[in-house]
Amino acid sequence: MCSQLFCPSASLSSYLSPLYRLVRSSRGSEAERMDPDALAKAFVEHYYSTFDANRAGLANLYQEGSMLTFEGQKIQGSQSIVAKLTSLPFQQCQHSITTVDCQPSGPAGGMLVFVSGNLQLAGEQHALKFSQMFHLMPTPQGSFYVFNDIFRLNYA
Amino acid sequence: MEEQVELVGRAFVDHYYHLFDKDRASLSSLYQPTSMLTFEGQRVVGAHAIAEKLSQLPFDQCQHLISTVDSQPSSAAGIVVLVSGSLRLPGEEHLLRFSQVTSLSFPSHIFISVDEPSVELFDLLLQMFHLVPSPGGSFFVQNDMFRLNYG
């Protein structure tokens, strides 16, 4: 049985690195057997490519209890989070990632992912620098979802 | 509940950077054997190794200036905090910008509830500032990740 890493989308595999696609087995969860650093990297690539291509597609990365703090504003629940992200005042954007750090978060099997990078908005001359923290939690199906999400622009 | 979490996060951050800037060696008291620090990509595990890493940083004095602190409950007994700010080093003309993620774990009997601020929360804040002795299993820093934000 092919398990889905982060969401049931059929286009998932196109977002994952070729190396990850080679790591498959018929038993257990691919996410569970993956090296944590590789998992974090795969998640980050999937998250930002989805964000940049179709923000509404982020919905199944969050659940009802998920929390987002976006530039100080607190939002809870997948629906509200996606409503916030799709209503941001720009049509097109491109994230480029500079650093990804991850650590296991505790006995529940969660993972903290700490990202820094640049956000280029269409029509803007300079890219915005940002930091973002994700706390990923495992699902019973062997996938992961975003439980905590904190985003901050880093102003000069 | 939100205000409680932000209050604890802010109190922790003030305490953490105060210790860092004034008495770096005493930071080891905030970590436990299972704590992890990733400092500019280098991963270190355990209070002893973390304290050693921080004491070996190539500066004797520093001052952290905090710009933003965002906190969220990460579980029934934990808080995650994202901090951004600047780091002033003596002799350096320009401030270094940084971001840092920390997760705090609390004893399981202290949980952040949605009701009014609890006695346990107040005690916890007092413990953070070492104003009262902490019982076995006080809060500690479980995860710590630090990155400079280059221009």
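Quick notes on the rules
Residue indices begin from 1 for each chain and proceed along its sequence in written order. Lettering for chains starts from A, numbering for ligands starts from 1, and both go in the order in which the items are written. Where local features are concerned, this predicted model is filtered to residues with pLDDT of at least 70; where side-chain atom pairs are given and counted, the filter is 80 or more; whole-chain, interface and lining totals use all residues. Side-chain measures were taken over the full set of non-hydrogen atoms in the model, leaving aside hydrogen atoms and water. Numbered from the N terminus, helices here are DSSP runs of H or I no shorter than four residues, and strands are runs of E no shorter than two. Here's how the labels work: a residue is buried when its accessible area is under 20% of the maximum for its type, exposed when over 50%, partly exposed in between, all with a 1.4 Å probe on protein chains only. Should any heavy atoms of two residues lie within 4.5 Å, those residues are considered in contact. Using the Shrake-Rupley algorithm and a 1.4 Å probe, accessible areas are obtained, with residue cover drawn only from the displayed protein chains. Two strands make a pair as long as DSSP finds a minimum of two bridges between them. A fitted line through C-alpha atoms serves as each axis, taken over the contacting stretch for helices, and the angle formed by two N-to-C directions is quoted from 0 to 180°. UniProt positions are given in the numbering used here, feature names are shortened, and annotations may be inferred rather than shown by experiment. We define buried area as the total accessible area lost by two parts upon association, computed with a 1.4 Å probe and summed across both. Salt bridge criterion: a side-chain nitrogen from Lys or Arg within 4 Å of a carboxyl oxygen from Asp or Glu. Polar contact is the term for a pair of N or O atoms within 3.5 Å; when the atoms are in protein, one must be able to donate a hydrogen and the other to accept it, and sequence-neighboring residues count only if both atoms are side-chain atoms. Points on a 1 Å grid over protein atoms alone make up a cavity when a 1.4 Å probe fits among them but cannot get out, and a pocket when they form an open set with protein on both sides within 12 Å along at least five of seven lines; lining residues each have an atom within 4 Å of a point. Grid points are joined across faces, edges and corners, and a volume is the space filled by probe spheres set on the points. Residues are grouped as follows: Ala, Val, Leu, Ile, Met, Phe, Trp, Tyr, Cys and Pro are nonpolar; Asp, Glu, Lys and Arg are charged; every other residue, Gly included, is polar. In this scheme, a helix's expected span is set at 1.5 Å multiplied by one less than its residue total.

This paragraph deals with the overall build of chain B. When helices and strands are tallied, chain B shows 3 helices and 6 strands. In chain B, the succession of α and β elements from N to C terminus is α-β-β-α-β-β-β-α-β. Classification of the 151 residues of chain B by burial places 54% in the buried group. Intrachain contacts of chain B at a sequence separation of at least 6 include 60% that bridge at least 24 residues. Of the roughly 7400 Å² of accessible surface on chain B, 56% is carried by carbon and sulfur atoms.

Moving on: the environment of A:Leu61. Residues and elements named next belong to chain A. You can see leucine 61 is positioned in the loop between helix H4 (36-53) and strand E1 (62-70). Since its relative accessible area comes to 1%, leucine 61 is described here as buried. For leucine 61 and phenylalanine 90, which are 29 residues apart along the polypeptide, the C-alpha to C-alpha distance reads 21 Å.

With that settled, the discussion passes to the pairing of strand E5 (residues 96-105) of chain B. All names here are of chain B. Most of E5 is tucked away, with 8 of its 10 residues classed as buried. As defined by bridge partners, strand E4 (residues 78-88) adjoins E5 across 10 bridges and the pair is classed as antiparallel. Within E5, the residue paired with isoleucine 79 across the bridge is leucine 104.

Residues and elements named next belong to chain B. A sheet is described by the order of its strands in space; here 6 strands give the open sequence E2-E1-E6-E5-E4-E3, paired in mixed fashion. Two strands in the sheet have a free side with no partner beyond their single neighbour: strand E2 (42-45) and strand E3 (63-75). Ignoring strand direction, the axes of neighbouring strands in this sheet form an average angle of 15 degrees. Packing of helix H2 (residues 47-55) onto the sheet brings it into contact with strand E1 (31-39) and E2, and relative to E1 it is tilted by some 40 degrees.

Here the focus is the UniProt feature "domain: NTF2" (unreviewed entry) in chain A. Here the UniProt feature "domain: NTF2" (unreviewed entry) sits at residues 39-153 of chain A. Here residues 39-153 of chain A is 21% helix and 50% strand, with 25 Å between the C-alpha atoms at its ends.

With that settled, the discussion passes to the interface of chain B and chain A. In this assembly, 31 residues from chain B lie in contact with 27 residues from chain A. Summed over the three residues of chain B that lose the most area to chain A, namely B:Gln72, B:Met145 and B:Arg147, the buried surface amounts to 25% of that side. The interface formed by chain B and chain A contains 4 salt bridges. Inspection of the chain B/chain A interface yields 16 residue pairs in polar contact (both at pLDDT 80 or more). Contributions of two or more residues to the side of chain B that touches chain A are made by helix H1 (2-22), E1, E3, E4, E5 and strand E6 (140-148) of chain B.

Where empty space is left in the structure can be found by rolling a water-sized probe over the atoms. Space inside the largest pocket adds up to approximately 280 Å³. Lining the largest pocket are 17 residues, and of these A:Ser105, A:Gly106, A:Pro107, B:Ser75 and B:Ser105 lie nearest its centre. At the level of elements, strand E5 (128-138) of chain A together with E3, E4, E5 and E6 of chain B are the ones that each hand at least two residues to the lining of the largest pocket. Counting residues per element, the lining of the largest pocket draws most heavily on E5(B), which supplies 3 residues. Of the residues contributing to the lining of the largest pocket, the split by class is 7 nonpolar, 10 polar and no charged.

With that settled, the discussion passes to H4(A). Under the 1.5 Å per step criterion, the end-to-end length of H4(A) is 26 Å for 18 residues, consistent within 8% with the ideal 26 Å. Listed in full, the buried residues belonging to H4(A) are A:Leu39, A:Ala40, A:Ala42, A:Phe43, A:Val44, A:His46, A:Tyr47, A:Tyr48, A:Thr50 and A:Phe51.

This brings us to the side chain of A:His95. Residue and element names in this part refer to chain A. Relative to the assigned elements, histidine 95 resides in strand E3 (residues 93-104). Side chain to side chain, histidine 95 and aspartate 52 meet in a polar contact 2.6 Å long. Each residue touching histidine 95, except ones within four places of it in the same chain, is listed here: Tyr48, Phe51, Asp52, Asn118, Leu119 and Phe130.

Below, the discussion takes up the environment of B:Glu40. Residues and elements named next belong to chain B. Inspection of the secondary structure puts glutamate 40 in the loop between E1 and E2. Taking the relative accessible area as the measure of exposure, glutamate 40 reaches 28% and is therefore partly exposed. Taking the C-alpha atoms as reference points, glutamate 40 and aspartate 60, separated by 20 residues in sequence, lie 18 Å from one another. If sequence neighbours within four positions are ignored, glutamate 40 has contacts with Phe146, Arg147, Leu148 and Tyr150. A polar side-chain atom of glutamate 40 sits 2.7 Å from the main-chain amide nitrogen of leucine 148.

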